Amino acid sequence: MVGVKYIEKQYEINVISEVESKLNQANEKYKITDTFFSIIDEIKGLFGEAEIGEDLEEFSEEIRKEVKLEKPTKHLFSIHNIEIGQPKEIVEHQLGKEKRVSMNEYGTNWYTYHQNYQQFVMVAYDNEQNVAGLYTNQNLITSTVGIKFGTAKEQVRQILGEPLEKIQKGFIVYQIQKDRDYDIFHHNDSYITIFYDKHANDTVTAIQIISEKLENKKTNVYTPASEELKIGFEYQLFDLTNASRVNHGLSVLTWDEHVQQTARKHSKDMAEHNYFSHTNLKGESPFDRMLRDAVKFSLAGENLAYGQLSSIFAHEGLMNSKGHRENILQPDFQYLGVGVAFNSESHPYYTQNFYAK
């Protein structure tokens, strides 16, 4: 058994026995299906301002290995043992309380679950509070056919066949671009989008599953612009970025409302004046704009995306672009603000401004 490092020396007394007792209690409550983070949260609550040290981190890693992902029972895929159609109470028992609720392009909300961006899952519910959408970009994917995080694209297509080339939205046929880093499949009343990481030999890096019923409710290719959708896309892109950073062993970025305003203004400027560039029509670079807004930085960067149907597609595209990926995975960045704006046709412009002081 390991110990815990504390801010004050006197708290070290009886740490081992107290931690062991609390873990036993938490294990009784959460069983094997829940994440170890809930157990750690209970320990933190017991010890107040305790500072968890390297020993406990090593021990929690052992607990993490005991969280077993099982094959789905009713569908082709599951994420963290969650499947389409399951009730919300099962999700909450499995994943705990959501960390964020934000509007998505389907006119419903993504409920975002994670523990400091570990075990990252996004879930959408239908009107009956059953799972209608799922997403993860972490190693939480299981399937009945052996496809998982890290499976090669060629193997996915051998198993699932040729991906869709088009999806009909009302009277509009949406043609899926051929030069893409994802495949969409229609299986068992669900649309399954599998994203690939071309920097990791075109292997599975993320998955989105949307029920056929929810997909069919989205009658337009682009969801009509709204303030709620703008805010949803902004926070989702922030969360997705942090989940990817955690995947690569990096620190979590802090949301910065100050630099968010810089990002929002640039997205709005591009949307209103129909251009797409890091340099605006006044000749200002991202760094010029940040300095004009009194953002003090020692290191900064900017990512732009345009036209992607959602924050998920925008993020996955950025991760497959070398320069943008380097910004997302820059170890020295500390802060991030995301700004989204829509043009007159509801096409979204995404701006990410990163910096360190």
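Sequence order as written defines the numbering, with residues in each chain counted from 1. With pLDDT at 70 or above as the cut-off, local features in this predicted model cover only qualifying residues; side-chain atom pairs require 80 or more to be listed or tallied, and sums for whole chains, interfaces and linings still use all residues. Only hydrogens and water are set aside; all other atoms, that is, all heavy atoms of the structure, feed into the side-chain values.

**Considerations on the layout of surface pockets**
Residues are called lining when one of their atoms sits within 4 Å of a cavity or pocket point, these points coming from a 1 Å grid over the protein atoms alone, where a cavity is a set in which a 1.4 Å probe fits but cannot get out and a pocket is an open set with protein on both sides within 12 Å along at least five of seven lines. Grid points are joined across faces, edges and corners, and a volume is the space filled by probe spheres set on the points. Size it by volume and the second largest pocket reaches roughly 340 Å³. As for the second largest pocket, its lining consists of 16 residues, of which Q177, Y182, Q308, F313 and G317 are closest to the centre. Numbered from the N terminus, helices here are DSSP runs of H or I no shorter than four residues, and strands are runs of E no shorter than two. The greatest single-element share of the lining of the second largest pocket, amounting to three residues, is contributed by helix α10 (residues 311-319).

**Structural notes on the environment of Y350**
On the secondary structure map, Y350 appears in strand β15 (residues 348-356). Partly exposed residues are those whose accessible area sits between 20% and 50% of the maximum for their type, while under 20% is buried and over 50% is exposed, using a 1.4 Å probe and protein chains only. Y350 gets classed as buried once you look at its relative accessible area, which sits at 1%. Among the polar contacts made by the side chain of Y350, one reaches the main-chain carbonyl oxygen of Q308 at a distance of 3.0 Å. Whenever two N or O atoms come within 3.5 Å, that pair is a polar contact, provided that in protein one can donate a hydrogen and the other can accept it, and provided that, for residues adjacent in sequence, both atoms are side-chain atoms. A distance of 3.2 Å separates the side chain of Y350 from the backbone oxygen of S310, its partner in a polar contact.

**Some points on the pattern of salt bridges**
We count a salt bridge whenever a side-chain nitrogen from Lys or Arg sits within 4 Å of a carboxyl oxygen from Asp or Glu. The full count for this structure, using the stated rule, is eleven salt bridges. The partner of E227 in a salt bridge is K230, and the shortest N-O contact between them spans 3.3 Å. Here E227 and its partner K230 are both found in helix α7 (residues 227-247), three residues apart, which amounts to about one turn of the helix. Residue classification places E227 among the partly exposed residues on the basis of a relative accessible area of 44%. Residue class for K230 comes out buried when judged on its relative accessible area of 16%.

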